[in-house]
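A look at the structure
If you want the building blocks of each chain, they are given just below.
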Amino acid sequence: MTSVSETPSITTRSAIEEFLFHEAGLIDRWRLEEWLDLFTLDCTYEVPATDHPDADPGLTWSLIHDGRTMLEQRVIRLKKPEAHAEFPHSQTSRIVGNVQILDETDESISVTANFIIHRAKAGKFDTYVGRYEYELVPRNSSFLIRRKRAVLAHDMLDPQGKISFII
Amino acid sequence: MTAEQFIIDDRENNLFRVNREAFTSEDVLQRERKEIFGKTWLYVGHESEIPGKNDFQTRDVGGRPVIFNRDRHGDVRVLLNTCLHRGSSVCRHSSGNAKIFTCFYHGWAYRNSGELVNVPGNEDYKSEPAAVYKGLQSPAQVDSYRGLYFVNFDPDAPDLLTFLGEARYFIDLAADQSPEGVAILEGTHKYSLKANWKLLVENSIDGYHAKSVHHTHFEMMMELGATPPMLGKDTVNGIAPAGMGTEFPNGHATLMYPANGLPLATDSVKQTLAGLRAQAEQAFGENYANAMFGLARNSVFFPSLILIDLSFGLTLRTFYPVSASETLVTGWQIIPKGVDEEFVKYRIDNALTFWGPAGLATPDDVEALEQAQKGFGARGEVGWSDVSKGMGKPVPAANDELQMRSWWREWNRRITGEQLPTEGTSFVPFDKQGVDA
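Residues numbered from 1 in each chain as written. Chains lettered and ligands numbered in written order. Predicted model: local features only at pLDDT ≥ 70, side-chain atom pairs only at ≥ 80, totals over all residues. Heavy atoms only, no water.

1. What about the packing of aromatic side chains?
All names here are of chain B. Within this structure, the stated rule accounts for 27 aromatic pairs over all chains. Ring centres 6.1 Å apart and planes at 45° place the aromatic pair F343 and Y346 in the tilted group. Of this pair, F343 and Y346 both sit in helix α11 (residues 341–354), three residues apart, which is roughly one turn of the helix. For F343, a relative accessible area of 0% corresponds to the buried category. (Phe/Tyr/Trp six-rings, centres within 6.5 Å; stacked < 30°, edge-to-face > 60°. Helix = DSSP H or I, 4+ residues; strand = E, 2+ residues; numbered from the N terminus. Buried < 20%, exposed > 50% of the residue type's maximum accessible area, 1.4 Å probe, protein only.)

Rendered as structure tokens:
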């Protein structure tokens, strides 16, 4: 993962960064319907369990394994006042960095990045950190997300015991 | 000082109240550590988590660090994870495979069956430490039921089967779902909440909060073509759509209700489920298979083992207090063995719609409990919580609060010594003939 690719990337890192920063901004501002539009119809959104960061969330007891339907439902739910864990909405500020293009074909680009998310809610201030793994599909002059995987660099969810927002 | 009174159990007016001090007092927690976590059977793990020789998992059970392992002979052990010399952990990994556990502090080494086998500088002792100290200690009692391992730190406590009593049938209904047995899936939900552990006990067997707290989950289920719990029309084995609550000796309790639609299920998934049901019918009869696959159940095994067995997932959860206002939760998913990958995926995806710290329902529970804990700040002015719903009904519904009252009476007995009568009789939702055989 640390080796430098021998074939120069056609897609520039700054184009990828621009896209990831845009995505982060949409979530931070709770523009979740627009965020959903960044995903393909066959997308998955995954968060593995903290004790099995390399496992397949489809076949293990992970934290999140959403297909398009569940991703839509997650967004619909989060925007309702009855989503009690997120009402009033938590405030988040996320930094996406260490962006690297790992692989690129005509159809897809594999990207990794680190994240730090600060979240304030109900008098608590929590930090979530980890690594993103993306599979992006070029579309027009930008990208769509076919797969987003957020691997938490936590050994358990403590003191921040819930992920009721998008990471 | 009347602070000693934690429960008001008023049978005349059918009022049941819990003193909010029980949720906030560090003194109460110290008594719980001694009288409850020191004397009852506590869940450690399932045999499927340590399938091979020398496999281990490290856990915290009732505040004690333990190694749950299979030794080099294949025997399951629970060892207290503390070096006999000066206390350090002898195993610092969450899971793995090891024949020897070595304390990194001074290098004392133990076999995975516990014996102390190496002490650096052994010759400097007049009496050899191995002869004096033998090996890593185990809880006073270790026993298992249907692959679930429990420990008890009290040598005088009644045995596990006596403790579980009739409530064990709810473990059977889970364990019998495949002729090959069940297994814990890899991956653990491990998280903390800023609330007293007893709030999570109440919440885990509370059918009343479902409509208000999980409204958004119900709406989602309906959008996906499924019927939310307790809102169906069918009666299963005599249990009406509104379900029922039932209590057992020793503080165990269950609420059950007809299991409803299967969100996200494909034809193949339905076929697999029908196959499992047909096998159960053949092995145990229609009545038992109905209970197994036609009813959903939330059970608590005193003090804090929760088994939630719904048609779309089988979740096991246990939790222990860190302080009066903080709880560490561990959750697992159980899967019937021998089913195809599509079925496994379906169960996981369905269960994840609800459970866990990132599920579409559990975070709202956590929010409710943390808000309750905050509310207890006013306990000087508002001193009691109400747990009366359905009290006095001949058959309490699943959204009544008999389950909590049953649990609280046992808690109260262990903390204060006051023995209060139960409300009714235990009920098992199937004909047990043939099951015990």
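Moving on from the coordinates now.
2. With respect to the packing of helix α6 (residues 197–204) of chain B against helix α12 (residues 362–375) of chain B
Residue and element names in this part refer to chain B. Taken N-terminus to C-terminus, the directions of α6 and α12 make an angle of 135°; their axes are 10 Å apart at the nearest point. As judged from the angle between their axes, α6 and α12 are oblique. Like other packed secondary-structure pairs, α6 and α12 cross with a definite hand, here right-handed. Across the interface between the two elements, L199, L200 and N203 from α6 touch D365, L369, A372 and Q373 from α12. Its residues assigned to classes, the contact of α6 with α12 comprises four nonpolar, two polar and one charged. (Axes fitted to C-alpha atoms, helices over the stretch in contact; angles between N-to-C directions. Parallel < 35°, antiparallel > 145°, perpendicular 65-115°, else oblique. Left-handed = near helix turned anticlockwise from the far one by under 90°. Contact = heavy atoms within 4.5 Å. Nonpolar A, V, L, I, M, F, W, Y, C, P; charged D, E, K, R; others polar.)

3. Points about the interface of chain B and chain A
Every contact between the two is made by 42 residues of chain B and, on the other side, 35 residues of chain A. Across the chain B/chain A interface, buried area totals approximately 3500 Å², and carbon plus sulfur atoms make up 58% of it. Where chain B packs against chain A, one counts six salt bridges. Residues B:E219 and A:K80 are paired through a salt bridge, measuring 2.4 Å at the closest nitrogen-oxygen approach. Where chain B touches chain A, the interface holds 24 residue pairs in polar contact (both at pLDDT 80 or more). (Buried area = accessible area lost by both parts, 1.4 Å probe. Salt bridge = Lys/Arg side-chain N within 4 Å of Asp/Glu carboxyl O. Polar contact = N/O pair within 3.5 Å; in protein donor to acceptor, adjacent residues only side chain to side chain.)

4. Considering empty space enclosed by the protein
Residue and element names in this part refer to chain B. By the definition in use, this model includes 12 cavities of 30 Å³ or more. Taken as a whole, the largest cavity spans an internal volume of roughly 250 Å³. Mapped by element, the contributors of at least two residues to the lining of the largest cavity are α6, α8 (215–223), β16 (253–258) and β18 (305–310). At three residues, α8 tops the list of elements feeding residues into the lining of the largest cavity. The residue inventory of the lining of the largest cavity, partitioned by class, reads 12 nonpolar, seven polar and three charged. Empty space within the second largest cavity amounts to approximately 80 Å³. Taken together, the elements giving at least two residues each to the lining of the second largest cavity come down to α10 (286–294), β17 (295–301) and β18. Residue composition of the lining of the second largest cavity, grouped by class: five nonpolar, two polar and three charged. (1 Å grid on protein atoms, 1.4 Å probe; cavity = no way out; pocket = protein on both sides within 12 Å on 5 of 7 lines; lining within 4 Å. Points joined across faces, edges and corners; volume = space filled by probe spheres on them.)

5. A short note on the layout of surface pockets
One simple way to see leftover space: roll a probe sized like a water molecule over the atoms. Residues and elements named next belong to chain B. Taken as a whole, the largest pocket encloses approximately 900 Å³ of empty space. Along its surface, the largest pocket is lined by 38 residues, and T58, R59, S94, K190 and T330 are the ones closest to its centre. Elements that contribute at least two residues to the lining of the largest pocket include exactly β3 (42–46), β4 (55–61), β5 (64–70), β19 (313–323) and β20 (326–336). The residue inventory of the lining of the largest pocket, partitioned by class, reads 15 nonpolar, 15 polar and eight charged.

6. Looking at the confidence of the model for chain B
Mean pLDDT over chain B works out to 94, with 98% of the residues at or above the 70 mark. Predicted complex, confidence summary: ipTM 0.93, pTM 0.95. (pLDDT = per-residue confidence, 0-100.)

7. Considering the UniProt feature "domain: Rieske" (unreviewed entry) in chain B
Here the UniProt feature "domain: Rieske" (unreviewed entry) sits at residues 41–139 of chain B. Between the end C-alpha atoms of residues 41–139 of chain B the distance is 11 Å, and the span holds 5% helix and 36% strand. (UniProt positions renumbered as here; feature names shortened; annotations may be inferred.)

8. As for unusual backbone geometry
The amide bond that connects A:D158 to the next residue, A:P159, takes the cis arrangement and shows omega of 5°. When you line up the elements, A:P159 lands in the segment after β6 (142–152). The phi dihedral of B:M230 is positive, around 70°, even though this residue is not glycine. Summarising the element assignment, B:M230 is placed in the loop between α8 and β15 (244–247).

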